[in-house]
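# Analysis of the macromolecular model
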Amino acid sequence: MAELVFFSGTMDSGKSTLALQTDHNYRARGRAGLIFSRGDRAGQARVSSRLGLDVAAHEVTDDTDFWAEISSRRSSGEAVDYLVCDEAQFYSPEQVEQLARLVDEMEIDIFAFGITTDFRTRLFPGSARLIELADRIDVLQVQSLCWCGARATLNARTVDGLMVTEGEQVVIGDVGRGEVAYEVLCRRHHMRRMTALTARRRSADESLWG
Ligand SMILES: [Zn+2]
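Parameters and conventions
Residues numbered from 1 in each chain as written. Predicted model: local features only at pLDDT ≥ 70, side-chain atom pairs only at ≥ 80, totals over all residues. Heavy atoms only, no water. Pairing = 2+ DSSP bridges. Helix = DSSP H or I, 4+ residues; strand = E, 2+ residues; numbered from the N terminus. Contact = heavy atoms within 4.5 Å. Axes fitted to C-alpha atoms, helices over the stretch in contact; angles between N-to-C directions. Domains from an automatic or database assignment. Buried area = accessible area lost by both parts, 1.4 Å probe. Polar contact = N/O pair within 3.5 Å; in protein donor to acceptor, adjacent residues only side chain to side chain. Buried < 20%, exposed > 50% of the residue type's maximum accessible area, 1.4 Å probe, protein only. Patch = residues over 30% accessible without salt bridge, like charges linked within 9 Å, V, L, I, M, F, W, Y side chains within 5 Å. Areas by Shrake-Rupley, 256 points an atom, 1.4 Å probe, with all protein chains shown as cover. Salt bridge = Lys/Arg side-chain N within 4 Å of Asp/Glu carboxyl O. Lys, Arg positive; Asp, Glu negative; His and termini not counted. Charge placed at Lys NZ, Arg CZ, Asp CG, Glu CD. Donors = N, O, S within 2.8 Å, 3.2 Å for Na, K, Ca; no water. Core = buried A, V, L, I, M, F, W, Y, C linked by side-chain atoms within 4.5 Å. Arc of directions from axis to C-beta.

## Observations regarding the sheet that holds strand 1 (residues 4-8)
Reading across from one edge, 5-2-6-7-1-8 is the order of the six strands in this open sheet, with parallel pairing throughout. With one partner strand each, in any of the chains shown, strand 5 (58-59) and strand 8 (136-139) form the two edges of the open sheet. Sheet analysis places strand 2 (residues 33-37) next to strand 5, joined by two bridges and oriented parallel. Among the inter-strand pairings, Ser37 is bridged to a residue of strand 5, identified as Glu59. Relative to the sheet, helix 1 (residues 15-28) contacts strand 1, strand 2, strand 6 (82-85) and strand 7 (109-114), its axis offset from that of strand 7 by approximately 160°.

Rendered as structure tokens:
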């Protein structure tokens, strides 16, 4: 039986690495698959991981119709046994529904990888639909850590190291790069808006005055 599996984790949890590993494993067993991504940090149409792996992918846009795309590939004789879908939080709910239909009606395995919540701790629409429809949800076991050492479960958006809580849901950035960046935090420090920089400043102040 084909399955729709949602692998979720925070930004630092190694999702893209696992996406590429999954593709490699299935390909090595002689199965035919396609890799999709949306707005990856490497730019258009690639899946890259922080460990240095980097492969070509099909870019998902607002116009992507997974059902139409895969139907047409199959009817032209191409084998498609599975899809690896990275950055799935950025897919629309309709696109997630198309993926579920591919599982049910074409027996295609779908491996979707994404973060669940945005920098305001709200579910991305694509992730919400995946949680609703997935046969299985796998929370990644590579644990990302907050600066305090606790398990980081939330993504914070920072500008120059300080946490911001307003703005567009999607602003592409990467952990630790650029003016707009992202930092993973434990819930306690997300709620208190304490990033690594804020914490360092606070402890510097305390040693100065304490
Ligand atoms: Zn913390």
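## Brief notes about the domain arrangement of the chain
Taken domain by domain, the chain comprises domain 1 (1-142) and domain 2 (143-210). When each unit is reduced to the centre of its C-alpha atoms, the spacing between domain 1 and domain 2 is 28 Å. Between domain 1 and domain 2, the contact holds 22 residues from the first and 23 residues from the second. Contact between domain 1 and domain 2 buries roughly 1,800 Å² in total, counting both sides, with carbon and sulfur atoms accounting for 58%. When residues of domain 1 are sorted by the area they lose upon contact with domain 2, Thr10, Met11 and Phe119 head the list and together hold 40% of the total. The tally of links between domain 1 and domain 2 comes to five residue pairs in polar contact (both at pLDDT 80 or more).

## Some words on the side chain of Asn155
In this structure, Asn155 sits in strand 9 (residues 154-159). Overall, Asn155 belongs to the buried group, its relative accessible area being 3%. Among the polar contacts made by the side chain of Asn155, one reaches the main-chain amide nitrogen of Met11 at a distance of 3.0 Å. One polar contact links the side chain of Asn155 to the main-chain carbonyl oxygen of Thr117, over a distance of 3.2 Å. When neighbours within four sequence positions are excluded, Asn155 is seen to be in contact with Thr10, Met11, Ile115, Thr117, Asp118, Phe119, Glu183, Val184 and His190.

## A word on a positive patch on the surface
Judged by side-chain charge, Arg187, Arg188, Arg192 and Arg202 come together as a positively charged surface patch. Here Arg187 shows up in helix 5 (residues 187-191).

## Description of the coordination of the zinc ion
Donor atoms from the polypeptide that coordinate the zinc ion comprise Cys146 (SG), Cys148 (SG), Cys186 (SG) and His189 (ND1), at 2.1 to 2.4 Å from the metal. On the primary sequence, the residues serving as donors to the zinc ion are separated as C-x1-C-x37-C-x2-H. A residue pair is termed long-range when its members are at least 10 positions apart, and Cys148 in the loop between strand 8 and strand 9 and His189 in helix 5 qualify at 41 residues. With a relative accessible area of 8%, His189 lands in the buried category.

## Looking at the nonpolar core
If you look at the biggest cluster of nonpolar residues, it comprises 25 residues, and the most contacted ones within it are Ile70, Leu83, Tyr91, Leu102 and Ile110. Going through the elements one at a time, strand 1, strand 2, helix 2 (66-75), strand 6, helix 3 (93-106) and strand 7 are the ones with two or more residues in this core. Sorting elements by how many residues they give to this core places helix 3 first, with six residues. If near-sequence neighbours (up to four positions away) are discounted, Leu83 is found in contact with Leu34, Phe36, Phe66, Ile70, Leu99, Leu102, Ile108, Asp109, Ile110 and Phe111.

## Re the environment of Thr121
Relative to the assigned elements, Thr121 resides in the loop between strand 7 and helix 4 (125-133). Using a relative accessible area of 28% as the deciding quantity, one classes Thr121 as partly exposed. Taking C-alpha positions, Thr121 is 13 Å from Met163, a pair spaced 42 residues apart along the chain. Leaving out residues up to four positions away in the same chain, Thr121 has contacts with Leu154 and His190.

## A word on helix 2
Every buried residue of helix 2 is accounted for by Phe66, Trp67, Ile70 and Arg73. Down the axis, helix 2 shows its buried residues gathered within 140° of arc, on one side only. Among the structural elements, strand 2, strand 5, strand 6 and helix 3 are those in contact with the buried residues of helix 2. Of the residues flanking the start of helix 2, the one acting as N-cap is Asp65, its side-chain oxygen 3.0 Å from the backbone nitrogen of Trp67. One or two residues past the end of helix 2 sits Gly77, with phi positive at roughly 95°.

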